[in-house]
Amino acid sequence: MKHIKFNYFKNLGFALLTLGLIMGCERDLSDEAVLATFSNTAEIFTDVPVGLTDDFFVSFDPVEGANTEGFGTDDNVAYEGTSSIRIDVPTPTDPNGGFIGGIFRDRGEGRDLTGFDALTFWAKGSTTATVGLFGFGTDFEENKYAVSIENIELSTDWRKITIPIPDASKLTQEKGMFIFSAGTESTSGAGYTFWMDEIKFENLGTIRLQNPFIFSGQDLEIDAFIGANQRLTDLGAVFNLTNGQNQSMSVAPSYFDFESTNSAVTGAFSINIAGQAFTSIVGTMGTAVITAQLADVLAVGSLTINAAGAFPHAPVPMRAAANVTSLFSDAYANVPVRHYNGFFAPFQTTQGGSGIDPNDVDIQAPFANGSLDNIINYTVLNFVSIGMYETVPNIDVSQRTHLHVDINVRENIDASDFIRIQLESGTGGGSISGGSSVLSSTLLRNVDANGWASLDIPLSNFSGFTDPSNLGQLFFISDGTISDIWVDNVYFYNP
Amino acid sequence: MNSMYNNTLIKMAVAFRAVVSFLTIAGCDPDETQTVAEFNNLVMHDEFDTDGVPDNTLWTYDIGTGPGNDGWGNNELQYYTDRTENATVENGYLLLTAKEESFNGSSYTSARITSQGLFEQAYGRFEARIRVPYGKGYWPAFWLLGNDCAQNVWPQCGEIDIMEYLGDQPTTVFGSAHGPGYSAGDAITKEYVLENDRFDTGFHVFGIEWAPDYINYYVDDVLYQQITKEDVLEETNGEGEWVFDHPFYIILNVAIGGNLPGSPNAETVFPQTMLVDYVRVYQQ
């Protein structure tokens, strides 16, 4: 025993000596070499929130219809322990808001989740309703590593829900601990309650990545003009869970590595303000195939892009700037906008128009003289607005008599197809009023050689638009009859 | 090389029996007089180190849909072939691959190799290191069948299932014994569930220690089931017969569909391969 002890101390002394030498000689290096690490706390809610912000629940924006009243804890119901989270899902007509949802955020600088492979929790419902979305990685900042499973049917008994982490090595500092969103789509508008308990990250070891996917796993092919920002959408992964069931999930682009076969056709891969991956078409000829990998596994699905050449521009506006109030045109100085697409969850499907910068939307197509023509490309259109409220003032078009807009419908137009333009006043504070005018299929088919319908609509056509000095939103509404359009030169004017 | 491991297992087995005895039949312990078998003598092994067709001095093929053309008695959906697409040795592994393809009236092909007539033995330690496929409809197995089934019709000839697994339960395997009075759905069987791991993402060792009086079932270093002559009698109200005293041969196969697993569904991934790192058999 003594002998062993002696050896032990001798070695320890030597070790300390060595450590001292290293510290003495290379202090600067060792300080720099220390990587900051963050809390690896697993629990999010047990009987109380664990390490979350003081407000615990951060709701979606009530302006967009989110109900902030239906969130609470319930000391009478628990899967384990004494308390659970209780969500009262409102009816669509609830004056406090027609759906409920939001996030839980880490109260610190974020957590190190690299040691986990899933977020799990227990849930039960007052009825077998379907909850719209559960997930994590949404922090209402970058939402960089957002992940979600959608349309989850509740049981009236406790059931464990597993949300796999697509690639935990990315999550060294994650603030978005949990997200949910629930409405009454599955209950024909009837409200219901559900409870969640024991929300935590786990290292299950019992789930496997079956395959990542892009474009929902489809191999798509498109023609694209130079200057277009081509979005890479419908990203996700299928995991096989402990119980043998497959779980499909939506996965943010930051988990993926994208690759193009032809850098003469596509540019760098970036992420837009709506959190979508995109690449710019940089060439006028050739073909590029886009693929992606998640955690070094090739995703199912691809996009073949055939460069289609120069962009078919809309007619360049010739009206004097003094007679124009422009929302979106390269020919004029535009008024500041809150958005070219508000991405109003959960009812809006429309993609495109992300951002507030009219010089950086969907398509930046060079004119012959080299200057850039910016074009909005709305896809999956049901409705969308250009917004002038909240962060920017409402605009005054009371001195204008007409609205001009150029629309290029990128699909066949059926006789019953339409786009309704709606003008809304007083958005974001004032009293709301407005009116609309319908663009029929006939009007939309009346196009120039490049496919553009140039529309000049008297404001008197917008019956009910009586407060033109406080215009807050201009909507394009197709109700899905038309889904893919280019939009350019949206401005009010006097002839 | 594995004697330490083996001893540990035997000690666990003894401990397990001791606990069971204490709880159930204290004071009348048959174990006191039992000689515990130790199987240290490696008598057959295939490490699958030679690429190409499986070693034909050890393995042969069952081909087709079974002698009764009834999916091997289970309404299984695959046609077993001896093609290298379905059975081959590569990079140190035996690969048994199930494919979705039209073949001789079946919708799937796969492979079932056996040591019938080539290696048959009563008693001993049989083990294999295996990674299985996953998904609804997959039914891979590592098992033994009595070599006298031609004379003594199954289940009289006996069957020892060292490992069976259903692809829609990726964390669970089960070990079973079939004999007269306890066969098919009434076999003596037990599940083993992996904690924090699954059987299709890595290799696991599946084995039995088979002595005249008992069969021990283990996964990796965990003994999870012992079946004794007494168990057979207890489970069958004295009707069952212990039929594990004659030579058995080894079978490795990947079945698709059939009564037990049910058919593959749209999400089941094909092709998939069962990888076998080695098969080793020891005697006392």
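Residues numbered from 1 in each chain as written. Chains lettered and ligands numbered in written order. Predicted model: local features only at pLDDT ≥ 70, side-chain atom pairs only at ≥ 80, totals over all residues. Heavy atoms only, no water.

Asker: Help me understand the overall build of chain A in this model?
Answerer: Secondary structure summary: chain A contains 3 helices and 32 strands in total. Considering only C-alpha atoms, chain A reaches an extent of 105 × 55 × 45 Å along its principal axes. For chain A, buried positions account for 50% of its 495 residues. Excluding contacts between residues fewer than 6 apart, the proportion of contacts in chain A whose partners are at least 24 apart in sequence is 74%. When the accessible surface of chain A is split by element, carbon and sulfur atoms take 51% of a total near 22,200 Å². (Helix = DSSP H or I, 4+ residues; strand = E, 2+ residues; numbered from the N terminus. Buried < 20%, exposed > 50% of the residue type's maximum accessible area, 1.4 Å probe, protein only. Contact = heavy atoms within 4.5 Å. Areas by Shrake-Rupley, 256 points an atom, 1.4 Å probe, with all protein chains shown as cover.)

Asker: It is not clear to me how the interface of chain B and chain A should be interpreted in this structure. Could you clarify?
Answerer: Interface size is commonly expressed as the accessible area that is lost once the parts come together. Taken together, the contact between chain B and chain A spans 11 residues of the former and 13 residues of the latter. Carbon and sulfur atoms supply 43% of the area that chain B and chain A bury against each other, a total of about 940 Å² over both sides. At the surface where chain B touches chain A, the tally comes to 1 salt bridge. Residue A:Arg208 is joined to B:Asp200 by a salt bridge in which the shortest nitrogen-to-oxygen separation is 2.8 Å. Linking chain B with chain A are 7 residue pairs in polar contact (both at pLDDT 80 or more). Of the residues that constitute the side of chain B that touches chain A, the class distribution is 3 nonpolar, 3 polar and 5 charged. (Buried area = accessible area lost by both parts, 1.4 Å probe. Salt bridge = Lys/Arg side-chain N within 4 Å of Asp/Glu carboxyl O. Polar contact = N/O pair within 3.5 Å; in protein donor to acceptor, adjacent residues only side chain to side chain. Nonpolar A, V, L, I, M, F, W, Y, C, P; charged D, E, K, R; others polar.)

Asker: How do you make sense of the layout of surface pockets when you look at a structure like this?
Answerer: The gaps of empty space that remain are located by a probe, the size of a water molecule, rolled over the atoms. Residue and element names in this part refer to chain B. Roughly 790 Å³ of volume is contained in the second largest pocket. In this structure, the second largest pocket is lined by 30 residues; those nearest its centre are Trp72, Asn74, Trp143, Trp154 and Glu159. Elements supplying a minimum of two residues to the lining of the second largest pocket: helix H2 (71–75), strand S10 (138–146), strand S11 (159–164), strand S12 (172–178) and strand S17 (248–256). (1 Å grid on protein atoms, 1.4 Å probe; cavity = no way out; pocket = protein on both sides within 12 Å on 5 of 7 lines; lining within 4 Å. Points joined across faces, edges and corners; volume = space filled by probe spheres on them.)

Asker: Would you explain the state of the cysteines in this entry?
Answerer: Cysteine pairs can be covalently joined through their sulfur atoms, and such a bond is termed a disulfide. Residues and elements named next belong to chain B. Counted according to the given criterion, the structure contains 1 disulfide over all chains. The residue that forms a disulfide with cysteine 149 is cysteine 157, at a sulfur-sulfur distance of 1.9 Å. The sign of the S-S torsion, about 75°, decides the handedness of the disulfide formed by cysteine 149 and cysteine 157: right-handed. On the basis of relative accessible area, cysteine 149 is assigned to the partly exposed category, the value being 22%. (Disulfide = S-S within 2.5 Å.)

Asker: So what exactly am I meant to see when it comes to the domain arrangement of chain A here?
Answerer: Residue and element names in this part refer to chain A. By the assigned domains, chain A splits into domain 1 (2–202), domain 2 (208–310) and domain 3 (321–493). Domain 2 puts 10 residues into the contact, and the matching count from domain 3 is 16 residues. Regarding the contact of domain 2 and domain 3, the summed buried area is about 870 Å², with carbon and sulfur atoms giving 49% of it. In this structure, the salt-bridge partner of aspartate 362 is arginine 231, at a minimum N-O distance of 3.2 Å. Where domain 2 touches domain 3, the interface holds 7 residue pairs in polar contact (both at pLDDT 80 or more). (Domains from an automatic or database assignment.)

Asker: Would you explain the nonpolar core in this entry?
Answerer: The tendency in soluble globular proteins is for nonpolar side chains to be buried as a group. Ranked by internal contacts, the top residues of the largest apolar core, which has 77 residues, are A:Phe104, A:Phe134 and A:Phe194. The element contributing the most residues to this core is strand S11 (residues 192–202) of chain A, with 5 residues. Beyond its immediate stretch of four places on either side in the chain, A:Phe104 contacts A:Ile44, A:Leu52, A:Phe56, A:Phe57, A:Phe71, A:Ile85, A:Lys175, A:Gly176, A:Met177, A:Phe178 and A:Ile199. In terms of nonpolar packing, the next biggest core, distinct from the first, is built from 54 residues, B:Leu58, B:Ile113, B:Ala177 and B:Ile256 among them. (Core = buried A, V, L, I, M, F, W, Y, C linked by side-chain atoms within 4.5 Å.)

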